[in-house]
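# Coordinate analysis (summary)
Listed here are the chains, written in short residue letters.
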Amino acid sequence: MLAHNNLIQATDEQIKFYRENGFVQIDNVLNQEELQELRESLDEVMNNTGGRSVQTDRTGGAYFNVLNQRVNTWRDHGGMAKYVLSPRFASLAEQLTNYGGIRLFHDHALLKMPHDSKPTPWHQDYPYWPMTDSSALSIWIALDDVDENNGCMMFIPKSQKLKNLKSVDFLEAHDIFKDEGAEEMDRNTAVICRMKAGSCTFHHGLTFHYAHANATDRPRRALAIIYMADGTTYNGKKHPCTDEMQFEKGDKLKGGIFPKLV
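This one's a predicted model, so the numbers in the text were calculated from it and none came from an experiment. (Residues numbered from 1 in each chain as written. Predicted model: local features only at pLDDT ≥ 70, side-chain atom pairs only at ≥ 80, totals over all residues. Heavy atoms only, no water.)

## As for the overall build of the protein
The following threshold applies: The secondary structure listing takes helices from DSSP runs of H or I that are at least 4 residues long and strands from runs of E that are at least 2 residues long, numbered from the N terminus. By definition in these notes, contact holds between two residues if any of their heavy atoms fall within 4.5 Å. Where accessible areas are quoted, they stem from the Shrake-Rupley method and a 1.4 Å probe; at the residue level, only the protein chains shown are allowed to cover.
Within the protein, the regular secondary structure consists of 4 helices and 11 strands. In the protein, the proportion of contacts linking residues at least 24 apart, taken out of those at least 6 apart, comes to 81%. When the accessible surface of the protein is totalled, it reaches about 11,800 Å², and 46% of it is carbon and sulfur.

This is how it looks when you write it as C-alpha cells:
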C-alpha cells in the first residue's frame, strides 16, 4: 500500500539541484512489488476503449508513432489511481518546490512503441497547459529500464530560466535551438537520464527536454504525473482536461478532477 509512512525524503542536494537546473533524477521510488502492480494496471488501462480517460491517437496515427498516450488514467482504473493520487510522489514535488500545497493537473501513461517509434522533439511542457503558473512540474516514472535505445529522457540544465514559451508540433521537424529566446542554450550540455525501472525524474514546466526513439522490440512504458501549486488559476487556454469544466479565466483550478494531494 502506498501510505503516508512510505513517504520519501528528498536530499538537500536533490532539492538544490532541481531548483538550480529545472530537473532532477531520483532513483528507486517504487519497489519491485509496486512496480509490477503499476505495470499491470497501466497495461490494463491502455487496452481500455471507453471510460473518462483520453487516448490521444490510435495505431497507425502519426502521433501514435511519437507517443502512445492516455491521459487521466486514474479516472478509469483504481490501480492507476492508487499511484497517481499517492502522497509519496506529490510530497516529493512539494519538497522540490516548497509550494505549500500540491494539486494534480493530470496523469498520462506514455508508451514509446517498438520498431517504428519516433523521438519526442525538444520542447517545454508549460505552453500546452491552461494555467497561469509556469512552475508546475512533472514526475516521469520509468516502468522499464530506459536508455538511449528505448526512449530515455534528456534535459537542458537551467533552461527553465529562459522562458522561451513556444509550443512545438511533435510531428513537424523543428530546431527549437534556433528560436528567439533559445539561442543561448547549448544542446551539448544536455543530461541523459538513464534509469532503472522504478526510478523517476522531476522536471519544471519550462525545462527543455527530449525523449529518444524506441529502437527495441518492446514498448517503453512510463507514467507521468503533472503537479501544480494549490491556488493555480486558469488562463483560458483550450485543453482536454478543462474544456468541459466551464472555468472562467482567473478561476482556481480545483475540484474533484484536480484534487489536492498534499
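Now that the structure has been shown, we can carry on.
## Observations concerning the pairing of strand 3 (residues 68-71)
Threshold: Categorising residues by exposure relies on relative accessible area from a 1.4 Å probe, with only protein chains included: less than 20% of the type maximum marks a residue as buried, more than 50% marks it as exposed, and the intermediate range marks it as partly exposed. Pairing between strands is defined by DSSP: at least two bridges between the two strands are required.
Of the two faces of strand 3, the one carrying Asn68 and Arg70 and the one carrying Gln69 and Val71 are both buried. As judged from the 4 bridges shared by strand 3 and strand 4 (residues 102-112), these two strands associate in the antiparallel manner. If you follow Val71 over to strand 4, its bridge partner there is His108.

## Observations regarding the packing of aromatic side chains
Put simply, the rule is: Side-chain rings of Phe, Tyr and Trp, where Trp is taken by its six-membered ring, are said to pair if the distance between their centres is within 6.5 Å; with planes under 30 degrees apart they count as stacked, over 60 as edge-to-face, and otherwise as tilted.
If you walk through the whole model with that rule in mind, you get 6 aromatic pairs. Members of the aromatic cluster, each reached through a chain of ring pairs, are Phe105, Tyr234, Phe247 and Phe258.

## So, unusual backbone geometry
A positive phi angle is found at Asn28, which is not glycine, with a value near 60°. Residue classification places Asn28 among the exposed residues on the basis of a relative accessible area of 58%. Its identity is not glycine, yet Lys158 carries a phi of approximately 65°, on the positive side. Summarising the element assignment, Lys158 is placed in the loop between strand 7 (153-155) and strand 8 (191-193).

## Considerations on the sheet that holds strand 5 (residues 120-123)
Sheet strands associate in pairs through backbone hydrogen bonding, adopting either a parallel or an antiparallel arrangement. Selection criterion: Working convention: axes come from line fits to C-alpha atoms, limited for helices to the stretch in contact. Angles between N-to-C directions cover 0 to 180 degrees.
Strand order in this open sheet of 4 strands is 5-10-7-8, and the pairing throughout is antiparallel. Edge positions in the sheet fall to strand 5 and strand 8, since each of these pairs with one other strand and no more. Ignoring which end each strand starts from, the neighbouring axes of this sheet average 20° apart. With 3 bridges connecting them, strand 7 and strand 10 (residues 209-211) associate as antiparallel partners. Residue pairing in the sheet places Met154 in a bridge with Tyr210 of strand 10.

## Brief notes about the nonpolar core
Note the cut-off: We call a set of buried residues a nonpolar core when its members are Ala, Val, Leu, Ile, Met, Phe, Trp, Tyr or Cys and they connect through side-chain atoms within 4.5 Å of each other.
Counting 52 residues, the largest nonpolar core has Phe89, Phe202 and Tyr227 as the members making the most contacts within it. One finds Leu110, Trp140, Phe155 and Cys193 within the second-largest nonpolar core, a separate group that totals 13 residues.

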